[in-house]
Amino acid sequence: MTDSADNAVDVVGVSKIFGSGDQEVRALDDVSVSIRQNEFFTLLGPSGCGKTTLLRLLAGFEHPTRGQIFLNGKDIAGLPPNRRPVNTVFQSYALFPHLTVGQNIGFGLEMLGKPKDEVEDTVDRMLKLVRMEALKKRRTSQISGGQQQRVALARALAPHPEVLLLDEPLSALDFKLRKEMQLELKRLQNETGITFIFVTHDQEEALTMSDRVAVMRDGNILQVGSPRDIYDRPAERFVADFIGDSNFLRAVIKDVSGGRARLALDAGMETEAELPDGMAESGAVTVVVRPEQARFLDGEPGARETVLEGRVETVVYFGTDTHYHMTLSSGERFIARIQNDDRGERAPEQGSAVRVAIPTRAVQVLKD
Amino acid sequence: MADPLSTGVGGAGERRAKRFSVQTMPGFTIMAALCFIALYAPLFPMVFYSFNAGESIAVWQGFSWRWYESAWGNELVKDVTIRSLVVACFASAIATTLATLAALGTTRTEAFKGQTFIYVIINQPLMVPEIVTGVALLVFFAMIKVATGYTGLAYLIAAHTAFCIPFAYLPIRARLEGMDKTLEAAAADLYATPFQAFRRITLPLMAPGIVAGAMLAFVISLDDVVITELVKAAGQDTLPTYMLGQLRRAITPEINAISTALLAITVVLLTAIFFLTRKKE
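Since we're looking at a predicted model, the values are computed, not measured.

On to the overall build of chain B, then. A count of helices and strands for chain B gives 14 helices and 0 strands. Each helix and strand of chain B, ordered N terminal to C terminal, gives the series α-α-α-α-α-α-α-α-α-α-α-α-α-α. Taking 19 Å as the expected radius of gyration for a compact globule of 281 residues, we find that chain B reaches 24 Å, considerably beyond that expectation. Referenced to the eigenvectors of the C-alpha coordinate spread, the extents of chain B come out at roughly 70 × 60 × 30 Å. Burial statistics for chain B: of 281 residues in total, 36% are counted as buried. Counting only carbon and sulfur atoms, one obtains 71% of the accessible surface of chain B, whose full area is about 16400 Å².

If you want it as structure tokens, here you go:
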């Protein structure tokens, strides 16, 4: 690895196999990913996708069956957790119940053999950072779930790790507190400048907080990119389906020139879309269109729009927007999400035949 | 991965009325009361007559502390009590140490082959009849006595240690199993070496289990008759074997007084164990 020093973390060809023989479970299958300095990086996927295993490998609680893990250019795959400059915020918080809030936060520094006054100073600074100054002397059992969450964060940040690992830390909080902590985490990351690696199964959490997201399934990383990349340009059906709502449409490639394909949609007109690398340049493909990209068409479509025809089956009102569930002329299902913004657009009724316009740039060809 | 909020608490509440519960069966209260009476009623006359002013254990002749004073002043009682305490202290200390190590070995390691077998070995004294263990030890120790010539208290301590181990082991293991292993992972994550993690996190958190185990072992050792009777050398009576010996002669309420004192110690210790091992909410 020549450029590994530029990255906070480099995972190179890592596999993790639990058990053996018939009970062999391949939790990670030849995974490689690089995480940049000072990045808020999220591992996103359903349970069992290997995201927590990857986090545990980074923390040192597990060791890879194959492959290497570099932290700022140093190979750490063989080091025990206590010799890695990496700290973890656990899903259960794992606060020490026999110690006070202050002692919990100071634990890491104490174990590093820092002098008492330095430990005290840092603890006070951390308490201030997470706005918990008043609770320093409390037992961890005497504070609320949200406060425990902050203590867990402060405890993991106090030794100023090179990388902070967060294992679904918000999943035990209620909705409102979760929203608050999302902003709080982002603020802490900005203020401390520490690389955050965040594990979650919540796509919204991933989109709102991350600089980059890695979508995982079955021990593989399917796609890495900014939240916008992942949402607007999903590479695979699973990614499109897992993140946000999606309409999947069948299409046939007519011809390809300069990486762009002319596609005939089963449900309507021709359209154009970029073809992902390594795909066959003919045959049937699936494209994805996000529901909010559609609009109902009164007159002629724009130059860079394609038209679908169908019938409205159900109308669901959501306050800020309305969802129209349709059956297209090809028999495929399609959902259009229209903002309720009184711009005078025609609102079709249940059972009416409609034409839907989609901008060409919103059509994304999927790999599978 | 489990979502702690998604347990079906609400559903259980709705169906509560239809759930089977022993407490709602007819006669439950009476049965429970009868069981408690059968268990504890015999203790009351014993305690009662320990305060008898007369010499009988069946005819009440007024209240007095006489038999407590007599027991307290009895040199023989003093001797055997001290011996009992010495044996109980050593046996419970050694048993607790071994039980702590065994509990760590069976809960803080990866699952290994033969783990069930290990449980059986550790808990063997609970299953083998005491008299069998006693006879086995008698024969075994006799061989050692012949070979070494040593006839001291160590035999009793060793025998007591052996049967105290499971009593110390069970509460310690229960405590460790109830302890979140993530705490030790968190300590390691925060730069604690395995030894530091044990001393700063595991040991303080398992301490109530250790104390409870030690107390239980202590009480068990203090009460033992069968094995002690078989293993002890001449002049090595403990309090229970001394009392057994006394019962063969003229019985006075002094025996009641000693028994009541033992009962009081046991109740105090068991109450302490209860408070140490109950789950805090």
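Here we take up the packing of aromatic side chains. Throughout the structure, instances matching the rule amount to 19 aromatic pairs over all chains. With centroids separated by 4.9 Å and ring planes inclined at 90°, the aromatic side chains of A:Phe296 and A:Tyr324 adopt a geometry described as edge-to-face. Here A:Phe296, found in strand S15 (residues 295–296), pairs with A:Tyr324, found in strand S17 (residues 321–328); they are 28 residues apart in sequence, far enough to count as distant. The exposure class assigned to A:Phe296 is buried, which follows from its relative accessible area of 7%. Taking 5.8 Å as the distance between ring centres and 85° as the angle between the ring planes, the aromatic pair formed by B:Phe63 and B:Trp65 counts as edge-to-face. Through pairs of rings, three or more aromatic residues link up here, namely B:Phe51, B:Phe63, B:Trp65 and B:Tyr68. We note A:Arg155 situated over the ring of A:Phe96; from NZ or CZ to the ring centre the distance is 4.6 Å.

UniProt's feature table lists "domain: ABC transmembrane type-1" (unreviewed entry) at residues 81–274 of chain B, given in the numbering used throughout. As annotated, residues 81–274 of chain B comprises 81% helix and 0% strand, and the C-alpha atoms at either end are separated by 25 Å.

All right, on to the sheet that holds strand S18 (residues 333–339) of chain A then. All names here are of chain A. One open sheet accounts for 5 strands, arranged S15-S19-S16-S17-S18; its pairing is antiparallel. Looking along the sheet, the strands with just one partner apiece sit at the ends: S15 and S18. Bridge count for S17 against S18 is 7 bridges, and the pairing is antiparallel. In the strand pairing of S18, Met326 is matched with Phe334.

Residue and element names in this part refer to chain A. This structure, assessed with the given rule, holds 33 salt bridges over all chains. For Lys136, the salt bridge is made with Asp124, and the minimal N-O distance between the two is 3.1 Å. Taken together, the positions of Lys136 in the loop between helix H3 (116–129) and helix H4 (145–157) and Asp124 in helix H3 put the pair 12 residues apart, joining distant regions of the chain. Residue class for Lys136 comes out buried when judged on its relative accessible area of 17%. Residue Asp124 is classed as partly exposed on the basis of its relative accessible area of 35%. Via salt bridges that share partners, Arg131, Arg150, Glu180, Glu184, Arg187 and Glu191 belong to a single interconnected network.

Cut-off values and rules
Residues numbered from 1 in each chain as written. Chains lettered and ligands numbered in written order. Predicted model: local features only at pLDDT ≥ 70, side-chain atom pairs only at ≥ 80, totals over all residues. Heavy atoms only, no water. Helix = DSSP H or I, 4+ residues; strand = E, 2+ residues; numbered from the N terminus. Rg over C-alpha atoms; globule rule 2.2 N^0.38 Å. Buried < 20%, exposed > 50% of the residue type's maximum accessible area, 1.4 Å probe, protein only. Areas by Shrake-Rupley, 256 points an atom, 1.4 Å probe, with all protein chains shown as cover. Phe/Tyr/Trp six-rings, centres within 6.5 Å; stacked < 30°, edge-to-face > 60°. Lys NZ or Arg CZ within 6 Å of the ring centre and 35° of its normal. UniProt positions renumbered as here; feature names shortened; annotations may be inferred. Pairing = 2+ DSSP bridges. Salt bridge = Lys/Arg side-chain N within 4 Å of Asp/Glu carboxyl O.

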